[in-house]
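Tertiary structure, described
So the chains spell out like this:
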Amino acid sequence: MNIQTLLNKANKILGSSSSKSPKLDSEILLSEAINKNRQYLILNSNEELIKENIKSFENLLKRRKRGEPIAYLVKKKEFWKQNFYINKNVLIPRPDTELLVEETLKLFNVNSKLNILDIGTGSGCILLSILKERRNFFGTGIDISKKAINVARFNAKMHQLSNRVKFYNSDVDKFLIGKYDLIISNPPYIKKEDLKCLEVDVRNFEPKLALDGGRDGFSEITKVISKTSMLLKKNGRFILEMGFGQKNRILNILKKNNFFINKVLKDYGKNDRCVISTKI
């Protein structure tokens, strides 16, 4: 069977599933199966493929039809300017989360020397993206998931940043190492009862530990803010990602923990997504 015939068949299969982009998904998965880029598929559409490649592709196709995210199938996801290794133990990086990287780079110039803490680091994509852009920054990432920390360490090594970053498997409550100029965090903030309403690919495949914000969505956020007030240096900056409708309560919690609110940023969907504050 040739490349074009396989893609046409796959497009029909995924078109009847929950996939929002069956053509693109098919091309990405076939590229993965034959270890070629998508341009190769277009330029060699009549090429006959060997049975092993077809079988590999059909296996990926079945998994995608069940809703498994593309990023987990190909084990990578682009974030900011780099590709990161991703597996089922970490959240898939979202474009909206790039706001945390963008704002950090606006706040601090290339010559700044900073010590950064990333609470709930996951794949390490936020922290490592910042370190990649700022050679004088040093980073620490913590996560309650040991498997997530292993992914973050792998990404640090892949991007040649292991000499400027340390990762610890720790609950934020128990972490007591260091004082920081900047703390960033994208904590779990979805209400437990809302988890069942998430899209199939998120609900069934992404780690609940990284999504579940407790009964009201604030249990982890409150812990993160409280611990940040202890670990952040005076006049240090805190950049926190938040969920829909959480802004007012988060601002109150920050103020009670002696933070001055610098600004609230909206994401690409015009929702309040990120708050920047300063420890007083």
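What counts, and where the lines are drawn
Residues numbered from 1 in each chain as written. Predicted model: local features only at pLDDT ≥ 70, side-chain atom pairs only at ≥ 80, totals over all residues. Heavy atoms only, no water. Pairing = 2+ DSSP bridges. Helix = DSSP H or I, 4+ residues; strand = E, 2+ residues; numbered from the N terminus. Axes fitted to C-alpha atoms, helices over the stretch in contact; angles between N-to-C directions. Contact = heavy atoms within 4.5 Å. Salt bridge = Lys/Arg side-chain N within 4 Å of Asp/Glu carboxyl O. Buried < 20%, exposed > 50% of the residue type's maximum accessible area, 1.4 Å probe, protein only. Right-handed = clockwise from strand over helix to strand, strands pointing away.

The next subject is the sheet that holds strand S7 (residues 232-241). Here we have seven strands laid out as an open sheet, ordered S5-S4-S3-S6-S7-S9-S8, and mixed in their pairing. Every other strand in the sheet has two partners, leaving strand S5 (165-169) and strand S8 (259-266) as the edge strands with one partner each. On average, each strand axis in the sheet is tilted by 15° relative to the strand beside it, whichever way the strands run. Bridge count for strand S3 (residues 114-119) against strand S6 (residues 180-185) is four bridges, and the pairing is parallel. Residue pairing in the sheet places Leu117 in a bridge with Ile183 of S6. Its contacts with the sheet put helix H8 (residues 146-158) on strand S4 (137-143) and S5, and the angle it makes with S5 is roughly 170°. Lying on the sheet, helix H10 (residues 219-231) is in contact with S3, S6, S7, S8 and strand S9 (272-279); it crosses S7 at an angle near 160°.

Before going further, it helps to examine the pattern of salt bridges. Charged atoms that come close allow side chains of opposite charge to pair. Inspection of the entire model under this criterion finds 21 salt bridges. Between Glu220 and Lys223 there is a salt bridge, with its nearest N and O atoms 3.6 Å apart. Remark: Lys223 and Glu220 occur in helix H10; sequence separation between them is three residues, near one turn of the helix. Judged by relative accessible area, which is 22%, Lys223 ranks as partly exposed. Between Lys247 and Asp272 there is a salt bridge whose closest N-O contact spans 3.9 Å. Taken together, the residues Lys247 in helix H11 (residues 247-256) and Asp272 in strand S9 connect sequence positions 25 residues apart. Here the salt bridges share partners, and the residues they tie into one network are Glu102, Glu103, Lys106 and Lys263.

Glancing now at the pairing of S4. In terms of residue burial, S4 counts as a mostly covered element, since six of its seven residues are buried. Alignment of S3 against S4, held across six bridges, turns out to be parallel. Its bridge partner lying in S4, Leu114 is registered against Phe137. Between the parallel elements S3 and S4, the chain passes through helix H7 (residues 125-133) in a crossover that is right-handed. A crossover connection joins S4 to the parallel S5 through H8; in handedness this β-α-β unit is right-handed.

Let us look at the environment of Lys227. Relative to the elements of secondary structure, Lys227 occurs in helix H10. By relative accessible area, Lys227 is classed as buried at 6%. Look past the residues within four positions of Lys227 in its chain and what remains in contact with it is Val172, Asp173, Phe175 and Leu176.

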